Amino acid sequence: MLNKLREKVLLLLEEAQRDDHVKCYNKAVSAAYFAARMAAESFIAGRMEHLPRRDDKLANVLRNIGFESLASTLMELYKLRKKADYGEGVMSEGDSRKAILYAKTVIEALTET
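Computed from a prediction, not measured in an experiment: that's the story for all the values here.

Parameters at a glance
Residues numbered from 1 in each chain as written. Predicted model: local features only at pLDDT ≥ 70, side-chain atom pairs only at ≥ 80, totals over all residues. Heavy atoms only, no water. Salt bridge = Lys/Arg side-chain N within 4 Å of Asp/Glu carboxyl O. Helix = DSSP H or I, 4+ residues; strand = E, 2+ residues; numbered from the N terminus. Buried < 20%, exposed > 50% of the residue type's maximum accessible area, 1.4 Å probe, protein only. Core = buried A, V, L, I, M, F, W, Y, C linked by side-chain atoms within 4.5 Å. Contact = heavy atoms within 4.5 Å. Expected span 1.5 Å × (residues − 1). Arc of directions from axis to C-beta.

J.: What exactly am I supposed to notice about the pattern of salt bridges here?
T.: A side chain of one charge can pair with a side chain of the opposite charge if their charged atoms are brought near each other. Applying the stated rule across the entire model yields nine salt bridges. For E76, the salt bridge goes to K79, with nearest N and O atoms at 3.3 Å. Remark: K79 and E76 occur in helix α4 (residues 68-86); sequence separation between them is three residues, near one turn of the helix. Among the residues examined, E76 registers a relative accessible area of 36% and is labelled partly exposed. According to the relative accessible area criterion, K79 is partly exposed, its value standing at 46%. Through salt bridges that share partners, D20, E93 and R97 make up one connected network.

J.: Sorry if this is basic, but what is going on with the environment of L101 here?
T.: Along the polypeptide, L101 turns up in helix α5 (residues 93-112). Judged by relative accessible area, which is 52%, L101 ranks as exposed. Between the alpha carbons of L101 and D20 there is a distance of 12 Å; along the sequence they are 81 residues apart.

J.: I tried to follow the nonpolar core on my own but got confused; where do I start?
T.: When a protein is soluble and globular, its nonpolar side chains tend to lie buried together. Counting 34 residues, the largest nonpolar core has L62, L74, A103, I107 and L110 as the members making the most contacts within it. Put simply, the parts of the chain that give this core at least two residues each are α1 (3-21), α2 (25-45), α3 (55-64), α4 and α5. For this core, the leading source of residues is α2, giving eleven residues. In contact with L62, other than residues within four places in its own chain, are A40, F43, I44, F67, E68, A71, L74 and L110.

J.: Would you mind going over α5 with me for this structure?
T.: Here α5 is 20 residues long and its end C-alpha atoms lie 28 Å apart, about the 28 Å a rise of 1.5 Å per residue gives. For α5, the complete set of buried residues consists of D95, S96, A99, I100, A103, V106, I107 and L110. For α5, the angular spread of the buried residues around the axis is 130°, confining them to a single face. Residues L101 and E112 are exposed on α5 and point more than 90 degrees away from its buried face. On its buried side, α5 packs onto α1, α2, α3 and α4.

J.: Help me understand unusual backbone geometry, please; the structure alone is not making it clear to me.
T.: Glycine aside, residues mostly have negative phi angles, and peptide bonds mostly take the trans form. One non-glycine residue, K23, lies in positive phi territory at about 70°. Position of K23 relative to the elements: it lies in the loop between α1 and α2. Residue K23 is classed as exposed on the basis of its relative accessible area of 59%.

J.: Sorry if this is basic, but what is going on with the environment of P52 here?
T.: Structurally, P52 can be placed in the loop between α2 and α3. Between the C-alpha atom of P52 and that of Y102, which follows or precedes it by 50 residues, the distance is 21 Å. For P52, the residues in contact, after removing those within four places along its chain, are R37, K57, L58 and V61.

Pasting the structure below:
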């Protein structure tokens, strides 16, 4: 992953953690998702010509190249993000912490590979 892109991914993750700390759980979930998505896009871009735009397709590419668990984690994170950004309810501290954990899992795995 390029240094500038890695910095952005880590900044988004850090912002998610700060949002969680000040109880902005909806924002934390969304930032965590976009950090993980950016890491996944960067990882896939180095391996494919065409980068899928849809979230489920992005996860399917990860699944198809042997990252079944990470694909599932990314989709769970996406579901949380949809709930945070479009749902009528609000995210809880538990949702926020789960999203951050999921994002860390995806980012760490894809930046070490």
